[in-house]
Amino acid sequence: MSKTPLYKPYPGPAAGWGALRSVTQAWMNSRQPLKNLRAMLRTNQHGGFDCPGCAWGDDPAAGRINFCENGAKAVNWEATRRAVDADFFARYSVEQLRAQSDYWLEYQGRLTRPMILRPGDSHYRPIEWSQAFALIGNQLRQLPDPRRAEFYTSGRASNEAAFLYQLMVRALGSNNFPDCSNMCHEASGVALNRHLGNGKGSVTLDDFAYADAIFLFGQNPGSNHPRMLEPLSQAVRRGAQVVCFNPLRERGLERFQHPQSPRQMLGNNSDPTHSAYFRPHLGGDLAALRGMAKMLWQWEQEAQANGKPAVFDHAFLQANSLDLTPYLALLDATPWDTICEQSGLTLAELERAARIYAASERVIICWAMGITQHHHSVATIGEIVNLQLLRGNLGRPGAGVCPVRGHSNVQGDRTMGINERPGQAFLDALEQHLDFHPPQEPGHNTVTALQAMLAGEVDVFIGLGGNFAQATPDSQQAHQALRNCQLTVQISTKLNRSHLTPGQTALILPCLGRTDIDHQASGAQAVTVEDSFSMIHASYGQLPPLSTEMRSEPAIIAGIAQAALGNWPVNWSELVADYDRIRDLIAACIPGFTDFNQRLQPPGGFHLPNPVNRHQWQTPSGRAEFSLHPLPASHLPASVLNSGQQPELILQSLRSHDQYNTTIYGLHDRYRGVSGHRQVLFINALDRERLGWPPGARVDIESLWDDAIERRVPGFSLIDFDIPLGQAAAYYPEINPLLPLASYGAESFTPTAKFIAIRLRPNTASNPPLSVSGAIINL
Ligand SMILES: Nc1nc2c(c(=O)[nH]1)N[C@H]1C(S)=C(S)[C@@H](COP(=O)(O)OP(=O)(O)OC[C@H]3O[C@@H](n4cnc5c(=O)[nH]c(N)nc54)[C@H](O)[C@@H]3O)O[C@H]1N2
Ligand SMILES: Nc1nc2c(c(=O)[nH]1)N[C@H]1C(S)=C(S)[C@@H](COP(=O)(O)OP(=O)(O)OC[C@H]3O[C@@H](n4cnc5c(=O)[nH]c(N)nc54)[C@H](O)[C@@H]3O)O[C@H]1N2
Ligand SMILES: [Mo]
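Residues numbered from 1 in each chain as written. Chains lettered and ligands numbered in written order. Predicted model: local features only at pLDDT ≥ 70, side-chain atom pairs only at ≥ 80, totals over all residues. Heavy atoms only, no water.

Focus: the site of ligand 1
- As a structural note, the neighbourhood of ligand 1 is formed by 32 residues, with Asn246, Glu250, Asp285, Gln659 and Asn661 the closest of them.
- In this structure, Ser223 approaches ligand 1 through a main-chain N or O atom, which is 3.0 Å from a nitrogen atom.
- Within the backbone of Met369, a nitrogen or oxygen atom sits 2.9 Å from an oxygen atom of ligand 1.
- About the coverage of ligand 1: the protein hides 99% of its 920 Å² of free accessible area.
- Elements supplying a minimum of two residues to the shell around ligand 1: α10 (221-224), α18 (369-372), β22 (649-654) and β23 (659-660).
- Along the lines of polarity and charge, the residues of the shell around ligand 1 split into 11 nonpolar, 17 polar and 4 charged.
- A domain split of the shell around ligand 1 shows at least three residues from each of domain 3 (186-403) and domain 4 (638-762). (Near = heavy atom within 4 Å. Polar contact = N/O pair within 3.5 Å; in protein donor to acceptor, adjacent residues only side chain to side chain. Areas by Shrake-Rupley, 256 points an atom, 1.4 Å probe, with all protein chains shown as cover. Helix = DSSP H or I, 4+ residues; strand = E, 2+ residues; numbered from the N terminus. Nonpolar A, V, L, I, M, F, W, Y, C, P; charged D, E, K, R; others polar. Domains from an automatic or database assignment.)

In structure tokens:
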């Protein structure tokens, strides 16, 4: 073990006492603990608000406390009494703010009034809402081509905001919707749509109680979906199998202590959250899944030869899927050597995983960013589908596919039409109900938007939430992309680094968050969201907004739309006066939302059924289709191979326990035992020795790509860690400058945040401006 003071292994289980201590601290830090405590008790409750944390679903009818440690952090971070007001901006120039850390910027509090940075100004200054809208409206109207504007969305936007936003953008004449989901579960949507005819997960929360096995690929629920730990530990307790594939031993996948269980808390007991754990190579899951399928095929042939019960579900396959033969040929053609080499797992391990799979009547497969942020993610998710098809694990209770979503409404935003490649039926419905002709050609995703911005083809950038320049790859280029615009507009709750690399003119428009009471002409409004299980429910803010100058996202979008388009194709301000009217429009245009307003009334809202569960396959063939991707010839892309250097390690970027994407709550990655610092590189001690570095050395990290750009981040401390040989891990967004813009997944365009070829160099500088360390002193 390393002797660095940064690292001390954490002995406890996930959640439990550690979580309680951390929640209390988050309350106190908000500067309004009592108010927030009352609000917290309304999290994920009927009549309360939807947690602004992750997209895991809950049962609000259950009537118990429904938030987790990291949900509490999200709420307390949003519901703070600290304000970033006109005085704040008068005190700090943009230049000075840029020298601060991401943590410091957000910690200053909520944005409370609209601000503008005019060409040549050093400081943001106040601007009236009406002037801000007029300025944006003018700029949008003057565009020589509506496609010279990019409209980014982050997945917290409500259904109502998202629907209005896409309507405005399409009425302007563009499908340019770079979206956080392009960097997230895009590959899941592409693969599930292609093979099953529907891009969403097929399970609901109830299914977890019926599954005989739950497989989890590339996911860290202990930090990112803590409410998932309870169903996992319950599954293990009732004798179901929970099988994890993760190169790291994540604490949440090992043991869970339920904070609401007196038995566990007082006795300091905990339950296991897995029954088997496999540690693949980064990007090795495609090969691992192929190996499991090949085992099943071997056993199926043996069963056929010996007159034993079949391993495959032939009735299901015959009724629902296209011919199996090409896939079986692919299994035959994929050699075991390659499978083991690429997966990083032994034949015995693959056999064990396959045995558990084959012995389980009902199987759910879950996955997240460890699967979606690779070069061949679409193929990997295709292979998950293949496996599930072989044994008919779709459309039965306790079985199905479960892409575990990120942002709390990222799935709903897609349903509402935030999509650069909208379906024809959706466009036709808009045309029919709203009497305008939406643009038909695809628009930009996050990567192609950045490319267009860098090429000088974009004049206006509008961000509906998020932190575009920090969340995207190739940070230096991403910031330059914003600078290249004539106008940048950020609709935000908190100050972040994307506000600090402005276009020629820049606006910050402060909006209400999920916890804030949203008052419009007809009274307090609810918004709606869709969780990972396709449940649609209402969310009511609970706390009076910090300033009367903040506006809701729908109201801001309506203001911009009115200024740019007038009362066309809808009367924007009338719609915003009462969100029921927006929902009536949604009900008219989007299938599944009939009687939207009425169906929101029962606790828990309503479910958008997935046709997959009725064995209706909306694919071109009308059948479920196997994915037929050979394993990649090499995991290293040609651009790394052609860079002239050999990678020393493959780096994955991940989230600490104390962050929400680019929002850094603090410096404690409790379960991984790291505190006080984020500028760290997890490395295997044998690799560190092989590369000639002493324990705890500070290094620069350089990434490899065959272009002329030098990508380097300085001053990372090496931490000896239980990580497979050849791999390294570090936190996002600190390492985003290393991720080349051109390094994205085939067909998904998702940056390969879990696969970056790197070399370590002697340290040249300390504390780069993007780092968090040191900033604490400034509080
Ligand atoms: N508190 C909190 N909650 C969050 C978020 C947050 O930042 N903080 N973010 C939200 C968002 S937007 C999202 S998308 C989700 C993200 O949720 P996760 O996907 O859990 O997030 P990551 O930290 O990226 O973790 C990726 C996991 O995949 C593993 N992994 C990496 N590469 C591979 C691989 O090749 N194969 C396998 N099998 N495993 C691999 C890593 O070791 C790590 O455990 O969480 C959401 N919820
Ligand atoms: N290297 C690397 N890069 C990654 C990832 C990775 O794993 N590794 N993960 C990717 C993934 S999965 C995702 S989803 C993206 C996330 O990308 P984004 O969604 O763009 O990033 P966030 O950090 O969630 O955005 C935080 C900002 O959102 C604003 N905000 C918060 N709440 C609200 C709200 O209610 N309304 C509005 N209007 N604004 C709000 C605040 O101003 C805050 O500063 O990052 C991606 N980038
Ligand atoms: Mo995400």
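Focus: the site of ligand 2
- Taken together, 32 residues sit near ligand 2, with Glu106, Tyr152, Glu553, Thr662 and Tyr732 positioned nearest.
- Glu106 places a side-chain nitrogen or oxygen 2.6 Å from an oxygen atom of ligand 2.
- Within the side chain of Asn496, a nitrogen or oxygen atom sits 2.8 Å from an oxygen atom of ligand 2.
- The fraction of the free accessible surface of ligand 2 (940 Å²) that becomes covered by protein chains is 96%.
- Split into classes, the residues belonging to the shell around ligand 2 amount to 12 nonpolar, 14 polar and 6 charged.
- Mapped onto the domain boundaries, the shell around ligand 2 takes at least three residues apiece from domain 2 (86-180 + 416-528 + 544-573) and domain 4 (638-762).

Remarks on empty space enclosed by the protein
- In this structure the tally under the stated criterion is 3 cavities of 30 Å³ or more.
- If you trace the second largest cavity, you find it lined by His375, Pro637, Val640, Ser703, Leu704, Trp705, Leu738, Pro740, Ser743, Phe755, Ile756 and Ala757.
- Within the lining of the second largest cavity, the residues separate by chemical class into 9 nonpolar, 3 polar and no charged. (1 Å grid on protein atoms, 1.4 Å probe; cavity = no way out; pocket = protein on both sides within 12 Å on 5 of 7 lines; lining within 4 Å. Points joined across faces, edges and corners; volume = space filled by probe spheres on them.)

A short note on the environment of Ala624
- You can see Ala624 is positioned in the loop between β21 (606-607) and α29 (638-641).
- You can call Ala624 buried: its relative accessible area is 0%.
- Linking Ala624 and Asn320, residues 304 residues apart in sequence, is a C-alpha distance of 5.9 Å. (Buried < 20%, exposed > 50% of the residue type's maximum accessible area, 1.4 Å probe, protein only.)

Considerations on the domain arrangement of the protein
- According to the domain assignment, the protein consists of domain 1 (16-78), domain 2 (86-180 + 416-528 + 544-573), domain 3 (186-403) and domain 4 (638-762).
- Here domain 1 and domain 4 have C-alpha centroids that lie 32 Å from each other.
- Contacts between domain 1 and domain 4 engage 10 residues on the former and 8 residues on the latter.
- Across the domain 1/domain 4 interface, buried area totals approximately 690 Å², and carbon plus sulfur atoms make up 50% of it.
- Taken together, domain 1 and domain 4 are joined by 2 salt bridges.
- Notably, a salt bridge pairs Asp658 with Lys73, separated by 2.8 Å at the nearest N-O pair.
- At the boundary of domain 1 and domain 4, one finds 7 residue pairs in polar contact (both at pLDDT 80 or more).
- When residues of the side of domain 1 that touches domain 4 are traced back to their parent elements, those giving at least two are α1 (16-29) and α3 (69-78). (Contact = heavy atoms within 4.5 Å. Buried area = accessible area lost by both parts, 1.4 Å probe. Salt bridge = Lys/Arg side-chain N within 4 Å of Asp/Glu carboxyl O.)

What about the layout of surface pockets?
- Taken as a whole, the largest pocket encloses approximately 1200 Å³ of empty space.
- In terms of lining residues, the largest pocket is bounded by 39 residues, among which Asn193, Asn198, Gly199, Lys200 and Arg414 are the most central.
- The set of elements that each furnish at least two residues to the lining of the largest pocket consists of α9 (186-196), α20 (410-415) and α21 (424-434).
- Per-element accounting of the lining of the largest pocket gives the leading share, 5 residues, to α9.
- For the lining of the largest pocket, the class distribution of residues is 14 nonpolar, 18 polar and 7 charged.
- Residues from two domains meet in the lining of the largest pocket; each of domain 2 (86-180 + 416-528 + 544-573) and domain 3 (186-403) gives at least three.

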